Amino acid sequence: MTALPINDLIMNALPIPVLTVGPEHRIAHANAAAESFFEMSLRMMQRQKLSDLLPFGSPVMALVEDVRQRGSSVSEHRVDIGSPRLGAERIVDVSACPLGDDRDNVIVMLQERTIADKMNRQLTHRGAARSITALGALLAHEIKNPLSGIRGAAQLLEQSANEDDRLLTRLICDETDRIVKLVERMEVFGEERPVERGAVNIHGVLDHVKRLAQSGFARHIRFAENYDPSLPPVLGNRDQLIQVILNLVKNAAEAIGIDAPDGEIILSTAFRTGVRLQVPGSQERVSLPIELSVTDNGPGIPPELMSELFDPFVTTKVQGSGLGLALVAKIVGDHGGIVECEPAPRRTTFRVLLPMHRAGDGRGADL
């Protein structure tokens, strides 16, 4: 095996796509991250022009020409290079500079913005979950106890009431029970106790949730699986991960509705590299290579709700409480992961990135 030159080793070690664009915009060189980004080998890319890799009229082409004319570095932020081959939306920050004194050869670096945006939104989701942690504890202490007294008093009145008054006392008891159930759901957000975590087979969790759904609320919906069978275990708590996926699947089923003749939910898993998240309160950065997603073909999510989707009490359902996705955000955040929604017409995907379980020697555990 031929050893790579030191410059190639350095280029391949960079986590962002880097291209060298020569005369006539031909690709002279690309690092490993660029091969992964464009899903094309270096040898194949060297047969292409930059315009072959990017959508027609891409501002990246003008950026390269600007570098050649100026002889200095140029950058542009939030450039959409989405295409049918690359994906519908690929937002990148582009930096370009001449290769030394040679203006004919230009170095082009692409920093995908979607990952950075995911990190920022995840911090917002965690903040929303933390903001209701204190609220959950307050509700449990200040509301739940008085409610038991109200219900007890109504039951005492019911013993000596006539038939019409019993209807009112029964209404008081029923409404009290309903509020208690809501408070109990809120108590989940106030739980700060450490949860035991270990190796979890995420496919076993998905199959369990699928069986629950098909025997109940989603019996009218077709399920499809797109699993990576070689996926290593997740570092997590099985019961909590069941709750996360159950909430997402139930959300998808309710979005599709009971009258949809072609309702479909797709459960997917994949192994992704390159996503790392800093642990709050420390300098440690955790890799999040395990991806699971729940996709439905319902009507989609209104654009005005996207920025508040994981906030508590935000819902599009008449009878919804708006706590399901807030709970998902809290549990995923407690696992050190990321949850994101990718909306599209007739196709909404909730994507969760989680850390991988590692054995005591630091290696990924086997399934």
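Counting from 1, residues in each chain are numbered in the order their sequence is written. Per-residue local features of the predicted model are confined to residues with pLDDT of at least 70, and side-chain atom pairs are confined, for both listing and counting, to 80 or more; whole-chain, interface and lining totals are unaffected and use all residues. Excluded from the side-chain calculation are hydrogens and water; included are all heavy atoms of the structure.

Labelled according to an unreviewed UniProt entry, the protein appears under the name histidine kinase, originating from Microvirga lupini. UniProt positions are given in the numbering used here, feature names are shortened, and annotations may be inferred rather than shown by experiment. What the UniProt record of the protein gives under Catalytic activity (unreviewed entry) is the line "ATP + protein L-histidine = ADP + protein N-phospho-L-histidine."

Chemist: So what about the confidence of the model for the protein? Which residues, and what values?
Modeler: Chain-level statistics for the protein give a pLDDT mean of 77 and a share of 72% at 70 or above. Every residue gets a pLDDT, meaning the predictor's confidence in that residue, from 0 to 100. Helix and strand definitions here come from DSSP, where helices need a minimum of 4 consecutive H or I residues and strands a minimum of 2 consecutive E residues; each element is numbered from the N-terminal end. Mean pLDDT in the protein bottoms out at helix α6 (residues 113-131), which sits at 54, and peaks at strand β7 (residues 222-226), which reaches 94.

Chemist: Give a description of the packing of aromatic side chains that names residues and reports values.
Modeler: Note on ring pairs: Phe, Tyr and Trp rings are taken, using the six-membered ring of Trp, and paired if centres are within 6.5 Å. Classes follow the plane angle, with under 30 degrees stacked, over 60 edge-to-face and the rest tilted. One pass over the structure, following the stated rule, counts 1 aromatic pair. Judged by centre distance (5.0 Å) and plane angle (80°), the ring pair of Phe 37 and Phe 38 falls under edge-to-face. Each residue's exposure class comes from its accessible area (1.4 Å probe, protein chains only) as a fraction of the maximum for that residue type: buried when under 20%, exposed when over 50%, partly exposed otherwise. Among the residues examined, Phe 37 registers a relative accessible area of 9% and is labelled buried. Given the relative accessible area of 1%, Phe 38 is considered buried.

Chemist: Give me the sheet that holds strand β13 (residues 338-342): which residues, what numbers.
Modeler: The rule for pairing is simple: two strands pair if DSSP sees at least two bridges between them. Pairing is mixed across the open sheet formed by 5 strands, whose spatial order is β7-β9-β12-β14-β13. Two strands bound the open sheet, and with one partner strand each, they are β7 and β13. Ignoring strand direction, the axes of neighbouring strands in this sheet form an average angle of 15°. Sheet topology note: the strand β12 (residues 290-296)/strand β14 (residues 348-354) ladder contains 7 bridges and is antiparallel. Looking across to β14, one finds that Asp 296 is bridged to Thr 348. The strands touched by helix α10 (residues 238-256) within the sheet are β7, β9 (264-271), β12 and β14, with β12 carrying the most contacts at an inclination of about 25°. Packing of helix α11 (residues 324-334) onto the sheet brings it into contact with β13 and β14, and relative to β13 it is tilted by some 140°. Only C-alpha atoms enter the line fits that serve as axes; for helices the fit covers just the stretch in contact. Angles between N-to-C directions range over 0 to 180 degrees. Throughout, a contact is declared for two residues whenever any of their heavy atoms are within 4.5 Å.

Chemist: Got a sec to walk through the pattern of salt bridges? Specific residues and values, please.
Modeler: We count a salt bridge whenever a side-chain nitrogen from Lys or Arg sits within 4 Å of a carboxyl oxygen from Asp or Glu. Counted according to the given criterion, the structure contains 12 salt bridges. Residue Arg 166 is joined to Glu 163 by a salt bridge in which the shortest nitrogen-to-oxygen separation is 3.6 Å. Placement of both Arg 166 and Glu 163 in helix α8 (residues 163-187) is noted, with a separation of 3 residues, approximately one turn of the helix. Given the relative accessible area of 31%, Arg 166 is considered partly exposed.

Chemist: Describe in detail helix α9 (residues 202-214), supporting the description with residues and values.
Modeler: In this model, α9 (13 residues) spans 18 Å end to end at C-alpha, consistent with the 18 Å of a helix rising 1.5 Å per residue. For α9, the full list of buried residues reads Ile 202, His 203, Val 205, Leu 206, Val 209, Lys 210 and Ala 213. On an axial view of α9, the arc spanned by its buried residues comes to 155°, and they lie on one face. Close packing links the buried residues of α9 with β6 (198-200), β7, β8 (234-236), α10, β9 and β12. For this analysis, a polar contact is any N or O atom pair within 3.5 Å, provided that within protein one partner can donate a hydrogen and the other can accept it, and provided that sequence-adjacent residues contribute only side-chain to side-chain pairs. The distance from a side-chain oxygen at the start of α9 to the backbone nitrogen of His 203 is 2.9 Å, and the residue carrying that oxygen is Asn 201. A helix is expected to span 1.5 Å for every residue after the first. It is the directions from the helix axis to the C-beta atoms that the arc portrays.

Chemist: Account for the nonpolar core, with residues named and values stated.
Modeler: Nonpolar side chains in soluble globular proteins tend to end up buried together. The biggest cluster of nonpolar side chains holds 39 residues, and the ones touching the most others in it are Ile 202, Ile 245, Leu 248, Val 249, Ile 265 and Leu 354. Taken together, the elements giving at least two residues each to this core come down to α9, α10, β9, β12, α11, β13 and β14. Top contributing element to this core by residue count: α10, with 9 residues. Setting aside chain neighbours within four positions, we find Leu 248 in contact with Val 294, Leu 325, Val 328, Phe 350 and Val 352. Within the second largest apolar cluster, 26 residues are counted, among which are Leu 53, Val 60, Val 74 and Leu 110. We call a set of buried Ala, Val, Leu, Ile, Met, Phe, Trp, Tyr and Cys residues a nonpolar core when their side-chain atoms join them within 4.5 Å.

Chemist: Help me get a handle on the pairing of β12, residues and values and all.
Modeler: With 7 of 7 residues buried, β12 lies mostly within the body of the structure. The two faces of β12 match: Ile 290, Leu 292, Val 294 and Asp 296 on one face and Glu 291, Ser 293 and Thr 295 on the other face are all buried. Where β9 and β12 come together, 7 bridges link them in antiparallel fashion. Its bridge partner being in β12, Leu 267 is matched across the sheet by Val 294.

Chemist: Any details on the packing of α9 against α10? Residues and values, ideally.
Modeler: Contact geometry of α9 with α10 gives a least axis separation of 9 Å together with a crossing angle of 50°. It follows that α9 is oblique to α10 by the angle criterion. Considering only the axes of α9 and α10, their crossing is right-handed. In contact with Ile 202, Gly 204, Val 205, Leu 206, His 208, Val 209, Leu 212 and Ala 213 of α9, α10 contributes Arg 238, Leu 241, Ile 242, Ile 245, Leu 246 and Val 249. To sort the angles, those under 35 degrees are grouped as roughly parallel, those over 145 as roughly antiparallel, those from 65 to 115 as roughly perpendicular, and the leftovers as oblique. In a left-handed crossing the near helix is turned counterclockwise from the far helix by less than a right angle, and in a right-handed crossing that turn is clockwise.

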